[in-house]
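For reference, the chains in residue letters:
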Amino acid sequence: MEDWQMTPEERSLKYERIRKEKAEKRKKGMKSLTKAQLKVLKVSHNNLRKIINDIEEMNDLYMSDVAELSKCFYDIGNEFLLDNSSYWSYKDPDDAEE
């Protein structure tokens, strides 16, 4: 049944079920992380929070914030086996021509 065919109550129940399913998957995913991976995510997330706050509050970015952004990038890339190539040499596998 399409959303437009549902009553508001049915639509609300549908999206509440979807939200719960996503929340359970996220919890399961977080539990599957190693301590090192979780630490990298938490530290990087908090650093990003601080940097975003500084940008929003002051419309400015300190050089120390740029260094923290770089550290977050490499920490996440190393911990999750992502490609840490520079922007100019990175090749996105999803953009590969067939």
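Everything that follows concerns the structure shown earlier in this document.
Anyway, here's the lowdown on the structure attached to this text. Since we're looking at a predicted model, the values are computed, not measured.

**Some points on the side chain of Asn 84**
- By secondary structure assignment, the location of Asn 84 is in the segment after helix 3 (63-79).
- Residue class for Asn 84 comes out buried when judged on its relative accessible area of 19%.
- Apart from the residues within four sequence positions on either side, Asn 84 is in contact with Phe 73, Tyr 74, Gly 77 and Asn 78.

**Here's the deal with the environment of Val 66**
- One can find Val 66 in helix 3.
- Residue Val 66 is classed as partly exposed on the basis of its relative accessible area of 35%.
- In the structure, Val 66 is positioned 23 residues away from Ser 89 in sequence and 20 Å away in space, judged by C-alpha atoms.

**Quick look at the packing of helix 2 (residues 35-58) against helix 3**
- Two elements in contact, helix 2 and helix 3, have axes whose closest approach is 9 Å; the angle formed by their N-to-C orientations is 155 degrees. Classed by the angle they form, the pair helix 2 and helix 3 counts as roughly antiparallel. The hand of the helix 2/helix 3 crossing is left-handed. Across the interface between the two elements, Ala 36, Gln 37, Val 40, Ser 44, Asn 47, Leu 48, Lys 50, Ile 51 and Asp 54 of helix 2 pack against Asp 65, Glu 68, Leu 69, Cys 72, Asp 75, Ile 76 and Glu 79 of helix 3.
- Across the contact of helix 2 with helix 3, the residue classes tally to seven nonpolar, three polar and six charged.

Thresholds, definitions, all that
Throughout this document, residue positions are counted from 1 along each chain, in the order its sequence is written. Under the rules for a predicted model, residues below a pLDDT of 70 receive no local features and side-chain atom pairs below 80 are neither given nor counted, while totals for whole chains, interfaces and linings still include all residues. As a rule here, side-chain values come from all non-hydrogen atoms in the structure, and water together with hydrogens is ignored. Under the scheme used here, helices are H or I runs from DSSP no shorter than 4 residues and strands are E runs no shorter than 2 residues, and both carry numbers assigned from the N terminus. Note on exposure labels: buried denotes an accessible area under 20% of the residue type's maximum, exposed denotes more than 50%, and partly exposed covers the range between, all computed with a 1.4 Å probe on protein chains only. Working rule for contacts: check all heavy atoms of both residues, and any pair within 4.5 Å makes them a contact. Only the contacting stretch of a helix is used when fitting its axis, a line to C-alpha atoms as for every element, and angles between N-to-C directions run 0 to 180 degrees. Any angle that falls under 35 degrees is termed roughly parallel, while one over 145 is termed roughly antiparallel, one within 65 to 115 roughly perpendicular, and all others oblique. Crossing chirality is assigned from the near helix's rotation relative to the far helix, an anticlockwise turn below a right angle marking it left-handed and a clockwise turn marking it right-handed. Following the grouping adopted for this structure description, the nonpolar residues are Ala, Val, Leu, Ile, Met, Phe, Trp, Tyr, Cys and Pro, the charged ones are Asp, Glu, Lys and Arg, and the polar ones are all others, Gly among them.

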